[in-house]
Structures are given as structure tokens and as C-alpha cells.
Amino acid sequence: MIKFSNVFKGFGGRTVLEDISFLIPDNKITVIMGPSGCGKSTVLRLMIGLMRPDSGTIEIMGNDITKVSDKELFEIRKNMGMVFQAGALFDSLNVIDNVSFFLKEHKLKSKEEIASLSFEALKFVGLEDSAYLYPSELSGGMQRRVAIARTIVYRPKIVLFDEPTTGLDPHTSRIIEDLIRNLREQTGALILIVSHVFQTAFRLAERIIYLDNKKILFDGDPKDFVELDNTFVNTFLGPEGKKIFFNYNN
Ligand SMILES: Nc1ncnc2c1ncn2[C@@H]1O[C@H](COP(=O)(O)OP(=O)(O)OP(=O)(O)O)[C@@H](O)[C@H]1O
């Protein structure tokens, strides 16, 4: 469970998040949506402790991370995985070494266990035959799949995705979306996705949090979201967004 309570965050005197509160349960795929610049990435960065709020509390699995030491934060973060938008792979390492990097770096398992867990993660994303290729030899979609394998290899209980399908073609986006759904089904992990791609949001979301104008304007069922008559939401979705939702849900 992730819980934000009365969180404020600003940069250089400009407020980006104003009195944000929400609770993300373990058993649902939650998607945070909102226009560019509304603070979605800031929410993710606060969640993994990369930055601290100006005020308010952020609980991760019952621990308020705004009050813990760096060492305690590191322990809590072992339960969290973040799949970055651009994949952020190490170009000088092949696929399997990218996937096993974190486990090796922190000496979390024996050599044999690391090898077996890494191949298992690669198999999950369907790339076991690409283990010895380098990132430059992979398509954009394959790079994102490696990034997912690299995150799930240490079995985090919470997996955060920053724009997982932005810039991908519809077919590749579907592969990534199916992987995210399988991940939830097979591991029961809490999945939180930040996305402004309507297709991805509406195919995956069991719950939507909509952020705009510094506030949470909606938190609930996707069906209620598209039916909401709110000026900000109407502008964001437009007739096209609503059409996409009803295409996926009828
Ligand atoms: N480290 C920082 N220093 C100064 N301003 C920042 C910083 N991080 C974010 N901001 C500002 O905060 C606002 C929200 O940024 P953020 O990246 O969280 O938005 P976003 O919703 O993720 O946008 P996008 O969808 O375009 O990625 C923006 O105006 C951005 O310029």
C-alpha cells in the first residue's frame, strides 16, 4: 500500500502539488493520468524517495518515508521497482548483465541464484534468446522489456512504471501492456503506472487517479472517470479519449 497524506511540493516558489492525498491499494492496477507538466513524475520521484515533499507524509507499506534515515529508505526501496520511460539500460553491458546488475551489485544472492533468477526474468518478458545481445542491438520495445526484466528480477512488491508505452507502436504497446497485466496476475505486486497514453491507461487501469492544476481531480473507477463532467478532464480527454475508452470497454 502507498499512502500520500496532505503532500505539498513546489520548485523555486512555484507549487506543483498542493495538498495531495491518495491511497493506492495492493491489489489493483492504478494509473495516474494528467496533462504534461501536472506533476506525475514528481509524484513518482517522491514515492521512491528521490525527493522529499515540502510537507505531508508518504507511507510505503506502513513506513513514512519522509521521516526515515537513508539506510532505512534503502531497505524500504528494496521492495520497490521502477521501470523508467527510456529503459535506462547500461549500453556497455549485455542483456543478461543488465538484468542481473542490481542483484550482483548488492550481493543479494549466490552466483547461481542470480543467474537463474535473471534468466527467469528474461523468460517472463520473452527475451531469453536475446541474453547476450547489447542494448544497441535491440528494438525500442525489446529495450523496454529488458528494463522490465531488470526491475522484476529482485521480485519487488511494488512496481512503478513511468510512461511504459510512450513512443511505441500499437503492437509493441500491446506486448508491454500484456506483460504488465501478467506481472500483476503472477506476482500480485502493487502496480502503479504513470501514463498520458489513453490506450494504455484504459486497457490496464482498474483505478484512475487524475492530477491537474496541482490537485487530484478524480480518484476512482475508470468508468466514472470518463463520465465525469469536469472542465479539466473534458479538455484532457476530448471526444477522442472518451471514444477510446468506450471502444475498449464495450
Ligand atoms: N527538479 C525540478 N526542479 C525544478 N522544477 C521541476 C523539477 N521537477 C519538476 N519540475 C517542474 O514541476 C512541474 C511538474 O513536472 P513533472 O515532470 O512532475 O510533470 P509531468 O506531469 O510528469 O510532465 P510530463 O508528462 O511532461 O513528463 C513542471 O513544471 C516541471 O518543470
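Residues numbered from 1 in each chain as written. Predicted model: local features only at pLDDT ≥ 70, side-chain atom pairs only at ≥ 80, totals over all residues. Heavy atoms only, no water.

- Per an unreviewed UniProt entry, the protein is named Phosphonate-transporting ATPase, and its organism is Thermodesulfobium narugense DSM 14796.

A short note on the pairing of strand β10 (residues 215–220)
Line of reasoning, step 1. As defined by bridge partners, strand β9 (residues 207–212) adjoins β10 across five bridges and the pair is classed as antiparallel. Within β10, the residue paired with L211 across the bridge is I216. (Pairing = 2+ DSSP bridges. Helix = DSSP H or I, 4+ residues; strand = E, 2+ residues; numbered from the N terminus.)

A word on the site of the ligand
Line of reasoning, step 1. Taken together, F11, R14, V16, P35, S36, G37, C38, G39, K40, S41, T42 and R45 form the complete shell of residues around the ligand.
Line of reasoning, step 2. At 3.0 Å, a backbone N or O of G39 approaches an oxygen atom of the ligand.
Line of reasoning, step 3. Within the contact set of the ligand, an oxygen atom lies 2.6 Å away from a side-chain nitrogen or oxygen of T42.
Line of reasoning, step 4. Among the secondary structure elements, those contributing two or more residues to the shell around the ligand are β2 (14–24) and α1 (40–47).
Line of reasoning, step 5. Take the shell around the ligand: its biggest share by element is four residues, from α1.
Line of reasoning, step 6. Classifying every residue of the shell around the ligand by side-chain character gives four nonpolar, five polar and three charged. (Near = heavy atom within 4 Å. Polar contact = N/O pair within 3.5 Å; in protein donor to acceptor, adjacent residues only side chain to side chain. Nonpolar A, V, L, I, M, F, W, Y, C, P; charged D, E, K, R; others polar.)

A look at the pairing of strand β6 (residues 80–83)
Line of reasoning, step 1. With burial as the criterion, each face of β6 is covered, one bearing M80 and M82 and the other bearing G81 and V83.
Line of reasoning, step 2. Of the strand pairs in this sheet, β6 and strand β7 (residues 158–162) are connected by four bridges, and their pairing is parallel. The residue bridging M80 from the neighbouring strand is I158, located in β7. (Buried < 20%, exposed > 50% of the residue type's maximum accessible area, 1.4 Å probe, protein only.)

Description of the sheet that holds β2
Line of reasoning, step 1. With respect to topology, four strands assemble into an open sheet ordered β2-β1-β4-β5, the strand pairing being antiparallel. Only two strands of the sheet have a single neighbouring strand rather than two, namely β2 and β5 (63–64).
Line of reasoning, step 2. Across five bridges, strand β1 (residues 2–11) lies against strand β4 (residues 55–60) in antiparallel orientation. Each bridged residue has a counterpart across the sheet, and for S5 the counterpart in β4 is T57.

Here's the deal with the environment of K215
Line of reasoning, step 1. Here K215 lies in strand β10.
Line of reasoning, step 2. For K215, a relative accessible area of 33% corresponds to the partly exposed category.
Line of reasoning, step 3. Through-space distance from the C-alpha of K215 to that of G39 is 9.5 Å; in sequence the pair is 176 residues apart.
Line of reasoning, step 4. Separated by 3.2 Å, the side chains of K215 and E18 make a polar contact.

As for the packing of aromatic side chains
Line of reasoning, step 1. Tallying each qualifying case throughout the model produces eight aromatic pairs.
Line of reasoning, step 2. Consider the rings of Y210 and F236, whose centres lie 5.1 Å apart with planes at 50 degrees: the pair is tilted. Taken together, the residues span a long stretch of sequence, with Y210 in strand β9 and F236 in helix α9 (residues 231–249) at a distance of 26 residues.
Line of reasoning, step 3. A residue is classified by how much of its surface remains accessible, and F236, at 16% relative accessible area, is buried.
Line of reasoning, step 4. Linked through ring pairs, F198, F202, Y210, F218, F225 and F236 together constitute an aromatic cluster. (Phe/Tyr/Trp six-rings, centres within 6.5 Å; stacked < 30°, edge-to-face > 60°.)

Considering the domain arrangement of the protein
Line of reasoning, step 1. Here the domain parsing of the protein yields domain 1 (1–79 + 160–165 + 183–249) and domain 2 (85–155).
Line of reasoning, step 2. For domain 1 and domain 2, the distance between their C-alpha centroids amounts to 26 Å.
Line of reasoning, step 3. Buried area between domain 1 and domain 2, summed over both chains or domains, comes out near 760 Å², and the portion from carbon and sulfur atoms is 66%.
Line of reasoning, step 4. Contributing elements (two or more residues each) for the side of domain 1 that touches domain 2: β7 and α6 (170–187).
Line of reasoning, step 5. Its residues placed into classes, the side of domain 1 that touches domain 2 shows four nonpolar, two polar and three charged. (Domains from an automatic or database assignment. Buried area = accessible area lost by both parts, 1.4 Å probe.)

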